[in-house]
Amino acid sequence: MSEVAQEQVTVTLTIDGKEVTVPKGTVIIEAAKQAGIEIPFYCYHPHLSIPGNCRMCQVEVEGAPKLMIGCHTQVAEGMIVKTHNTSTQVENAQASTLEMLLINHPLDCTVCDQAGHCKLQDYHYEYNARSSRFLEKKEKKVKAEVLGPTVILDGERCIACTRCVRFCDEITETGELGLLNRGDRYVIAVNEGHELNNPLSGTVVDLCPVGALTHRKWRFNTRMWYTQATETICPGCSTGCNAKVHVRDDQVVQVKARLNSEVNKEWMCDEGRYGFDRFLPKERCLYPTKAGLELEWDAAFKELSNLKNGKSLILAAPDLLLEEFYLLKLLCDRYLPDASRALAYRERSLTPVEAILISPDYAANFQGAIFSGYIDGGESLEQQLEGHVKAIKQKKFDNILFVGDRSLTDKDQADTALLAAINEMPRRFGILSDRESPLASLSQLVFPARSILEKSGLLINRAGRLQFSAQSIDFPIGSEPEWRILNRFATALGSKFTEAENDRELTRWYLKQDPRVQGLSIAAIKNQLGIDLEQYQPQEAVA
Amino acid sequence: MTAQTKILLKNVGHADQHTLSGYESRGGYKIIRKSLQMDPLKIIEEVKASQLRGRGGAGFPTGMKWGFVPRDTGKPVYLINNADESEPGTFKDRVLLELDPHLVIEGMLCSAWALQSNWSCIYVRGEYAFPYIRIQNAIDEAYARGYLGKNIFGSGFDHDMVVHRGAGAYICGEETALLESLEGKKGQPRLKPPFPAVAGLYGCPTVINNVETLANVPWIIENGGEAFASIGVKNSTGTKLVSASGHLKKPGVYEVDMGYSLLDFIEEICGGVPDGRKLLGVIPGGSSVNVLTADECKGVNLDYDSLKEAGSSLGCAGFMVMDDSTDVVEAILNLSNFYAHESCGQCTPCREGAHWIQKIFHRIARGEGQPGDLELIDNLCDQIGGHTICAFGDTMVLPYKSFIKKFRSQFKERILNSIKGVKQERGSFNFESSGHV
C-alpha cells in the first residue's frame, strides 16, 4: 500500500493528552479503548446500531460547541478529546447522567441478581458517588414480567438503553421486543401476540447492563461474589462461543457470553447457555471397571493392549482437546498402525435464527481432530463415519475403543442395528466419564475419564480459530483426563509421549511439539481471544 | 400602525378560498405554471436571495437547506411539509391549512419542482382533525383537476402528494422524529449526522419545511427574492404569522412585517391587555424560549435579531402574553406538565429530568416547596440543556430557567409560605385534577 493510501485510512488524535492512531471511521469510545482510557457507556455495543441514548459517554471535543457522545462521534485527524480524566465538564455530565438514571431506579441491589456485576453500581461508585437530591415519588412499573420461556423483566430497574430491543431487531431479526410509552413511563415489553422465544433469547440478559432482564433459570440463585467465574469456551458446537461460567458448589449458576468480535460477538445460544452443563456425567466412573467390577490400572492397560490383535476401530468424541487428538494420533501411529480411526461427527439442520450463531454440528473440536492429523479432513467427515458404521455392521472389526462420552452421536445411538453389531464385537473398550451412559453398557472395559468442562486445553473452532478452553468445573478424585489415560497406555505399550503432569503442562508441551503453533503460549492465545491458525506465522519459541 | 404586507393571509377572508375554484378565481395555480417553465436551480437562487428563514422555530435559511440536497444520487428526493404544529401557543399553520390549503399545495409544488422531488407528504398533527379534512379535500380536488399526479400542467413533471396524520406527539415536530414516525416507527429523534438533506426518509435526501415557509415560496417566485428581502429588516425578511394568545383583548393569528414593534403589536393589533391590568411578561416564540418581562419588552421588535438581543427568540412566533393577574408558578407548572408528558423518553437527561422538574414545580405549586428547590431546578436545567439528542432538552429548560430567574420573588414567596405553613390558595387552573400529575 502506498504512503498516501496509508494516510487516508488512519487518523491520529489526542485523548487526554495521549496520542493514538486508529482507522478512519472509528468512534471515540473505541479509540480511547486503544489508548487505554475507559469511557463509560450503557447503550453502546460494538455490534449493534448506535442510539446514543444513555448519554454516559459524553466527552469534550475541542472546537465543538457542546459535549459530544463518544459512541457516535467519529474520530478526525488532529482531534483533541478530553474525557472525565481531564475535563470537569465531562465529569459533571457523567455524574448528572447517573443521578438522572437513579432517580426512578428502585435501588433494590440487596435483592437484585445483577448486584456485583451491575454497571449502574460500578459507574455510580466510579463516576458519581454522591447521594440523590430526588425527594419525589418514584415511578411505578411492571415487576417480574415474564417475557418468554427464558427471560423475566423488572421494569423499574430498566434504564431504557434498548440493547435488548436492538438485539432482537438487528441480530435475530425476530423483533419481539419494543420500548413502549414516552418519557419516564417507558417500559420494555413484548410485542402483542409474541413472546421472547428465539434460539438466542438469553443473550438479552447479557446485554442488559443492569438487573432489568434476568434468566428465569438462574434467578435468585446466588450472589455473584460467591461464585467462581471461569472464562472458557462453550463446547456445544464448533462455533466456539466465548463464555464466562459462574459456578457455585459444582453447579453452574450463570453463563454469560464474552465479547469476541471474531467469534460470537457477544451472543450465545440458549442451547449452549442453559445447557452448558449438559455434558456433565450423571453417574461417575471413578476407577477402571471390567464388567462393572473394579480393576487395577495396570491390568486394565494390559487388557487394552489387545487392540493390537485383530482389526481395531478407534472412535473418538469430537469434543476432545487438540492435545488429546494429537496424543491419540501419536499413539495410533506408533503402536496401533493398523487400527482404523473415526470421529463421531454428524451434521444437523438449523433454522435461520439458529444459524446466526450455531454451527451445524455438535462437534466442538472436529477441526482439532483434523489439525492434529488424527483423521484426514479431505473426505467429508460424515462420509468417513458412515463408512466406518457400515464396516461395523459388516463385522469387519474385532475391537473397538470409544474415546470420550460423545464418541457415538445421538443419531448412531438410535441405530439399533449398529448397536447390535458393536455388541457382537469380541473386544469393546471405553474411555468414558459416565458409567450410566449407553456407551458404558456397550464397553466391556471402562476407563474413568473427564468431561470437557473438567479439563483445560485447546480447541479449534469451525472457522479455524485456536482457543483456550479453561476448566470450569472441579473434577472428582479418581477420574483422569483422556490424555493421561492415553499417555499411560503408551507407557504400558512402550514409552510415554509426554512428561506433563497436568492440563497446563500438557498444553505447554504441545505448543512446543507442534511446529505449526511454535511461539504461542496459553497467555497469548487467551489475550488475543484466540489465534486464527490460517494467518498465524509460527515463530521460534523465545527461550 | 403602518400598512402590513399580506403574503400569506391575503385571501383568507374569502369564504370559498379553501376550494379550488375559489383559489383559482384569485389567481391561484398560476405561479406553479410559471415555475415549471423555470430552471429548478433558478428557483433555489430566488429563495436564497429572498433570505427566507424556516418558520418552524429554528429560523434556518431555507435556500441554504435546499442547497444541501445532493443531486444525482440516483435516490429520490422527498419533500416533507411539517404541519405537526405542536408548540404551545402556536396555531398559525392551521389557519393556512384550513383557510388557504391550495396555497400550501402550490407552495409545495413550486418547492418540489425546485428540488426535483416527485413525492411529498404533509405531516399533520393528529389533533388537527379539521385542518386535515380541509387539506385532504384540497389535495383530492387538485388530483381530480390533474394538478397533482402524472405530468402536471402538461410539463412532464410528476408529483404525488399525501397527507399523513401524526398520532399526537409533540416530538414528531422535530424533523428526524417526524421521519421515524413516517417510516412507521416510534417517533424519536435520530442522531445527527447524517442530516435529513443527505439521508432522511428511508435513507433518501429529504427536505423538511414548515407550512408557513413553503406557503411563502409562490410569492417569492412571483415577485422575486429581492422583493421579499426588501420586506422586514436585516436577517429577518418577509412577513411573519404571529399566533397571539393569552391576556389580550383580540387574540388571533396576525401577519406582520418582520421587525414590527413588540409592544405595538400588543397594543395596536391585539388591542392591549384587557380589563385595565398591566403587562407582566411575554413568551414571544412559542413556549420553548426565554420569557421576557414587561420591562424587557420595551424597544424590542418581532424579528430574529432583536429578540435574540433581548435574550429570547422569535421561534415560531407563538406569542403568549401574561398580565399581572397571572400566577407564574401555575403558569410554569402548566408548561412543565406539557414537557414531562411530551418528552419522548429516548435519552436520559430529558427523560428523567423533565419529570423531576415537573414534580418539583408541582410541589412548589401545592405549597410544599423547600428551600433550595429553585437552585435545584436551575442546576437540573443545566444538566439537561446541551446534553440531549435533540433540541427538546435544550429548549425545554429555557422557560424554566428564565421564569425562576425573572419571577424569583413569586416563587420564593410561595416556598416561604409553605415553610410557614400558610395554606396555598390555588386558582381554578388546577392540574392536580387534570390527571397530568
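Fair warning: this is a prediction, and the values are worked out from it, not measured in the lab.

Caption draft 1: Molecular detail of the overall build of chain B. What chain B contains, in helices and strands, is 17 helices and 13 strands. Taking 437 residues into account, the globule formula puts the C-alpha radius of gyration at 22 Å, and chain B, at 22 Å, falls close to it. Here chain B holds 437 residues, and the buried ones make up 56% of them. In chain B, the share of contacts with a sequence separation of at least 24, taken over all contacts with a separation of at least 6, comes to 71%.

Caption draft 2: Inspection of the overall build of chain A at higher detail. Looking only at helices and strands, chain A has 18 helices and 23 strands in total. Radius of gyration (C-alpha) of chain A: 27 Å, near the 24 Å computed for a compact globule of 543 residues. When its C-alpha atoms are laid out on the principal axes, chain A stretches across 85 × 55 × 40 Å. Considering chain A as a whole, with its 543 residues, one finds that 49% of them fall into the buried category. Restricting the contact set of chain A to residue pairs at least 6 apart, pairs at least 24 apart contribute 67%.

Caption draft 3: Quick peek at the packing of helix 14 (residues 348–365) of chain B against helix 16 (residues 391–406) of chain B. All names here are of chain B. Viewed as axis vectors pointing N to C, helix 14 and helix 16 meet at an angle of 20°, and their least axial separation amounts to 10 Å. As judged from the angle between their axes, helix 14 and helix 16 are roughly parallel. With respect to the hand of their crossing, helix 14 and helix 16 are arranged in left-handed fashion. For the pair helix 14 and helix 16, contact is made by P349, C350, A354 and I357 and by F392, G393, M396 and Y400, respectively. Of the residues in the contact of helix 14 with helix 16, the class split is 7 nonpolar, 1 polar and no charged.

Caption draft 4: Local environment of the sheet that holds strand 7 (residues 151–153) of chain A. Residues and elements named next belong to chain A. The antiparallel open sheet is built from 3 strands, whose spatial order is 6-7-10. The open sheet has two edge strands, strand 6 (145–146) and strand 10 (213–215), and neither has a second partner. Examined bridge by bridge, strand 7 and strand 10 share 3 bridges and lie antiparallel to one another. For V151, the partnering residue across the bridge sits in strand 10 and is H215.

Caption draft 5: Structural detail: the interface of chain A and chain B. With 25 residues of chain A at the interface, the matching set in chain B holds 22 residues. When the residues that make up the side of chain A that touches chain B are grouped by side-chain class, the tally is 10 nonpolar, 9 polar and 6 charged.

Caption draft 6: The arrangement of the confidence of the model for chain B in detail. Residue and element names in this part refer to chain B. When pLDDT is averaged across chain B, the result is 94; 97% of the residues are at 70 or more. The secondary-structure element of chain B with the lowest mean pLDDT is helix 17 (residues 408–420), recorded at 93, while strand 1 (residues 78–83) shows the highest, at 98. Note that residues 428–437 has pLDDT below 50 and, in this model, 12 contacts with residues that lie over four places away or in other chains.

Caption draft 7: Here's a closer look at helix 16 of chain B. Residue and element names in this part refer to chain B. Over its 16 residues, helix 16 runs 23 Å from end to end, which matches the ideal 22 Å to within 8%, given 1.5 Å per residue. All of the buried residues in helix 16 are F392, G393, T395, M396, V397, L398, P399, Y400, S402, F403 and I404. The secondary structure elements touched by the buried residues of helix 16 are strand 10 (279–283), helix 13 (328–342), helix 14, helix 15 (373–384) and helix 17.

Caption draft 8: Spotlight on helix 3 (residues 88–103) of chain A. Here helix 3 of chain A contains 16 residues, and its C-alpha end-to-end distance of 22 Å stays within 8% of the 22 Å for a straight helix at 1.5 Å per residue. Residues V90, A93, Q94, S96, T97, L98, E99, M100 and L101 of chain A constitute the buried set of helix 3 of chain A. Where the residues of helix 3 of chain A are buried, they touch strand 3 (58–61), strand 5 (80–82) and helix 4 (119–128) of chain A together with helix 14 and helix 15 of chain B.

Caption draft 9: Representation of unusual backbone geometry within the structure. The step from K192 of chain B to P193 of chain B runs through a cis peptide bond, and the omega angle for that step is -5°. With respect to the helices and strands, P193 of chain B occurs in the loop between helix 8 (175–182) and strand 4 (206–210). A cis geometry characterises the amide bond from P193 of chain B onward to P194 of chain B, with omega recorded as 5°. Position of P194 of chain B relative to the elements: it lies in the loop between helix 8 and strand 4. Positive phi, normally seen in glycine, also occurs at L529 of chain A, with a value near 50°. In this structure, L529 of chain A sits in the loop between helix 18 (522–527) and strand 23 (531–532). Judged by the 17 C-beta atoms lying within 10 Å of it, L529 of chain A is partly exposed. At D275 of chain B, a residue that is not glycine, the phi angle is positive and equals roughly 55°. In this fold, D275 of chain B is placed in the loop between helix 11 (262–269) and strand 10.

Caption draft 10: Geometry of the pairing of strand 3 (residues 160–165) of chain B. Residue and element names in this part refer to chain B. When strand 2 (residues 119–124) meets strand 3, the two strands line up parallel, connected through 6 bridges. Paired with W119 across the bridge in strand 3 is D160. As a crossover connection, the stretch from strand 2 through helix 7 (residues 129–145) into strand 3 is right-handed.

Caption draft 11: Focus on the environment of L262 of chain B. All names here are of chain B. One can find L262 in helix 11. Judged by the 24 C-beta atoms lying within 10 Å of it, L262 falls in the buried class. Taking the C-alpha atoms as reference points, L262 and S306, separated by 44 residues in sequence, lie 9.9 Å from one another. Not counting the four nearest positions on each side in its chain, L262 is found in contact with V282, P284, C297, V300, N301 and L302.

Caption draft 12: Inspection of the packing of helix 3 of chain A against helix 4 of chain A at higher detail. All names here are of chain A. Following both chains from N to C, one finds helix 3 and helix 4 inclined at 140°, their axes separated by 9 Å at the closest point. The pairing of helix 3 with helix 4 is recorded here as oblique in orientation. Crossing handedness for the pair helix 3 and helix 4: left-handed. Where helix 3 abuts helix 4, its residues Q94, A95, L98, E99 and L101 lie against L120, Y123, H124, Y127 and N128.

Caption draft 13: Broad picture of the environment of D434 of chain A. Looking at the element boundaries, D434 of chain A is found in the loop between strand 19 (427–432) and helix 15 (438–442). For D434 of chain A and P281 of chain A, which are 153 residues apart along the polypeptide, the C-alpha to C-alpha distance reads 4.7 Å.

Caption draft 14: Layout of the sheet that holds strand 8 (residues 252–257) of chain B. Residue and element names in this part refer to chain B. On the basis of which strands lie adjacent, the open sheet formed by 5 strands has the order 8-7-13-10-11 and mixed pairing. Since the sheet does not close on itself, it has two edges, and those belong to strand 8 and strand 11 (292–293), each with one partner. Note: strand 7 (residues 239–246) against strand 8, 6 bridges, orientation antiparallel. Note on strand 8: the bridge partner recorded for L241 is E255.

Caption draft 15: Broad picture of the nonpolar core. Counting residues in hydrophobic clusters, the biggest one holds 133 residues, and the most contacted among them are I80, V104, C110, V242, L302, V321 and I332 of chain B. Ranked by residues supplied to this core, first place goes to helix 6 (residues 101–115) of chain B with 10 residues. Among all residues touching V321 of chain B, those that are not within four sequence positions of it are G246, H247, L248, I266, V273, L279 and V282 of chain B. In terms of nonpolar packing, the next biggest core, distinct from the first, is built from 91 residues, V255, I314, L458 and Y510 of chain A among them.

Calculation rules
Residues numbered from 1 in each chain as written. Chains lettered and ligands numbered in written order. Predicted model: local features only at pLDDT ≥ 70, side-chain atom pairs only at ≥ 80, totals over all residues. Helix = DSSP H or I, 4+ residues; strand = E, 2+ residues; numbered from the N terminus. Rg over C-alpha atoms; globule rule 2.2 N^0.38 Å. Buried ≥ 20, exposed ≤ 12 C-beta atoms within 10 Å, placed from the backbone. Contact = placed C-beta atoms within 7 Å. Axes fitted to C-alpha atoms, helices over the stretch in contact; angles between N-to-C directions. Parallel < 35°, antiparallel > 145°, perpendicular 65-115°, else oblique. Left-handed = near helix turned anticlockwise from the far one by under 90°. Nonpolar A, V, L, I, M, F, W, Y, C, P; charged D, E, K, R; others polar. Pairing = 2+ DSSP bridges. pLDDT = per-residue confidence, 0-100. Expected span 1.5 Å × (residues − 1). Right-handed = clockwise from strand over helix to strand, strands pointing away. Core = buried A, V, L, I, M, F, W, Y, C linked by C-beta atoms within 7 Å.

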